[in-house]
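Residue-level structure breakdown
Each chain, letter by letter, is given below.
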Amino acid sequence: MKVLENSSKHNTPKKQKTFQHYLPKGDRCYSCIHCRANLAAHSELISKSFQGSQGKAYLFNAVVNVGCGPAEERVLLTGLHAVADIFCEICKTTLGWKYEHAFESSQKYKEGKFIIELAHMVKDNGWDEKDS
């Protein structure tokens, strides 16, 4: 996250450094297809059966190097949800969304979870040809 501060010398904004989180080397993970920043460990994958605005998407329990926009109500395929768009902290590409609130009881398991669209991620570290 970049924070702007006023520089006392020149009264110009000063950028604070963004720190990138790296998942353990050798662990299977998913990374941003645009800048290769790590996004999620394979162990955090909940489901591959989701649909994003640009095609297939995966549901994750936890993510890294991801920023979150403001929540808004949207009608999705499974009903009304409060969701917040998520983006790569490194390259700022919108990746998917975070489920903030589910209005139907059958969808409550999604709250606090993250959708990342396949169009924006790539497999990294330790994947074999047979792995899916």
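Residues numbered from 1 in each chain as written. Predicted model: local features only at pLDDT ≥ 70, side-chain atom pairs only at ≥ 80, totals over all residues. Heavy atoms only, no water.

By the naming in an unreviewed UniProt entry, the chain is Protein yippee-like, taken from Caenorhabditis japonica.

Before going further, it helps to spend a moment on the environment of Q107. Here Q107 lies in the loop between strand 9 (94–102) and strand 10 (114–117). Judged by relative accessible area, which is 12%, Q107 ranks as buried. Beyond its immediate sequence surroundings of up to four residues, Q107 is in contact with T78, H81 and A102. At a separation of 2.6 Å, a polar atom in the side chain of Q107 contacts the side chain of K110. (Helix = DSSP H or I, 4+ residues; strand = E, 2+ residues; numbered from the N terminus. Buried < 20%, exposed > 50% of the residue type's maximum accessible area, 1.4 Å probe, protein only. Contact = heavy atoms within 4.5 Å. Polar contact = N/O pair within 3.5 Å; in protein donor to acceptor, adjacent residues only side chain to side chain.)

As enumerated under the stated definition, the model contains four aromatic pairs in all. On the numbers, 5.8 Å between centres and 90 degrees between planes, the contact of Y30 with Y58 is edge-to-face. Highlighted residues: Y30 in strand 3 (residues 29–32) and Y58 in strand 6 (residues 55–60), separated in sequence by 28 residues. Both residues of the pair, Y30 and Y58, belong to the buried class. Geometrically, the ring pair formed by W97 and Y99 is edge-to-face, given 6.2 Å between the ring centres and 80 degrees between the ring planes. Here W97 and Y99 have matching classes, each one buried. (Phe/Tyr/Trp six-rings, centres within 6.5 Å; stacked < 30°, edge-to-face > 60°.)

What follows covers the sheet that holds strand 8 (residues 79–88). The sheet built from six strands is open, its strands ordered 5-6-10-9-8-7 with antiparallel pairing. This sheet does not close on itself; its edge strands, each paired only once, are strand 5 (45–52) and strand 7 (66–76). Along the sheet, successive strands turn relative to each other by an average axial angle of 30 degrees, direction set aside. (Pairing = 2+ DSSP bridges. Axes fitted to C-alpha atoms, helices over the stretch in contact; angles between N-to-C directions.)

Note that D124 resides in strand 11 (residues 121–124). Side chain to side chain, D124 and S31 meet in a polar contact 2.6 Å long. Ignoring any residue separated from it by four or fewer positions in sequence, one finds D124 in contact with D27, R28, C29, S31 and R36.

Moving on: the pattern of salt bridges. Under the definition given, this model contains five salt bridges. We note a salt bridge from E72 to R74, for which the minimum N-O separation is 2.7 Å. On the basis of relative accessibility, which here comes to 21%, the residue R74 falls in the partly exposed class. Linked through salt bridges whose partners overlap, the residues forming this network are E72, R74 and D85. (Salt bridge = Lys/Arg side-chain N within 4 Å of Asp/Glu carboxyl O.)

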